[in-house]
Amino acid sequence: MAHRLYPTHIPTSPLQKLLLAGGSALMAIARPQRGDMVATMGETTAIRPVLQRLYDNMARDEGGQRLLLERPRITNTSVDRKYLRSLEEGTFGREYERFLSSLETSPDARPPVQFIDDADLVYVMQRYRETHDFTHVVLGMPTTMLGEVTVKWFEGIQFGLPMCVSGGVFGTLRLGPKHRQRFFSTYMPWVIKQGVNGRFFLSVEWEKHWETPLKQLRRQLNLDPPPTENS
């Protein structure tokens, strides 16, 4: 039996990954609230060339280099939520804390990586998972179906992870007629522009921006205000 490459690693064969990917995808589509199934699908479909490209993109960026070297985590231990609640209204940290509180969740809600069979690429997937909520906050997208689909489109464009691409495509099909029309007319053109022109999110040292006003942070990341603020 293959040895573990990191504490949470579960070694699996290509066939096992295929079966896990199919089963978790079906469950994730049927019950999107099953975060464990979404996580399993994301890992078992994240083929090495895609993760390696993300790693290389991070390595070419000064901030990304530091992240790969220092490997900071977003957890209940590393995030001082009391401090975030003390920040001024409109700052990135304050809005992130509000986002967590509204969902009654915490940074530790994101499960650890288990099925990535390369010790150097594990952090790429973990960083993506732990900063997913930051993407919601900075894009101004709630966790509604429309908001989730918009975020998945952004992540699909920037990261190319199969889970993100399929989530955006199939999520769009699940939108009701009114929301689908709104997505195609307003959200889709906006999010494509943000994904293409915005700074590569996996290289952003989010932890250094808690006190940055959200509007200022968006400008630094080359992002336009979300449609909800334009309307």
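Residues numbered from 1 in each chain as written. Predicted model: local features only at pLDDT ≥ 70, side-chain atom pairs only at ≥ 80, totals over all residues. Heavy atoms only, no water.

If you check an unreviewed UniProt entry, the protein chain appears there as Ubiquinone biosynthesis protein COQ4 homolog, mitochondrial from Plectus sambesii. Annotation of the protein chain in UniProt includes, under Catalytic activity (unreviewed entry), the sentence "a 4-hydroxy-3-methoxy-5-(all-trans-polyprenyl)benzoate + H(+) = a 2-methoxy-6-(all-trans-polyprenyl)phenol + CO2". For the record of the protein chain, the UniProt heading Function (unreviewed entry) holds the text "Lyase that catalyzes the C1-decarboxylation of 4-hydroxy-3-methoxy-5-(all-trans-polyprenyl)benzoic acid into 2-methoxy-6-(all-trans-polyprenyl)phenol during ubiquinone biosynthesis." (UniProt positions renumbered as here; feature names shortened; annotations may be inferred.)

### Looking at unusual backbone geometry
Unlike most non-glycine residues, Arg71 shows phi in positive territory, near 50°. The class of Arg71 is partly exposed, set by a relative accessible area of 35%. Unusually for a residue other than glycine, Asn222 sits at a positive phi of about 60°. For Asn222, the location among the structural elements is in the loop between α12 (214–220) and α13 (227–230). (Buried < 20%, exposed > 50% of the residue type's maximum accessible area, 1.4 Å probe, protein only. Helix = DSSP H or I, 4+ residues; strand = E, 2+ residues; numbered from the N terminus.)

### A look at the UniProt feature "binding site: Zn(2+)" (unreviewed entry) in the protein chain
According to UniProt, the feature "binding site: Zn(2+)" (unreviewed entry) maps to His132, Asp133, His136 and Glu148 in the numbering used here. A compact arrangement is adopted by the annotated residues: their sequence extent is 17 residues, whereas the largest C-alpha distance between any two is 10.6 Å. Of note, His132 is situated in helix α8 (residues 132–139). Non-local contacts of His132, meaning those with residues more than four positions away in its chain, are made with Arg110, Glu148, Val151, Lys152 and Glu155. Relative to the helices and strands, His136 resides in helix α8. On the basis of relative accessible area, His136 is assigned to the buried category, the value being 1%. In contact with His136, not counting residues within four places along its chain, are Phe99, Met141, Pro142, Thr143, Gly147, Glu148 and Val151. (Contact = heavy atoms within 4.5 Å.)

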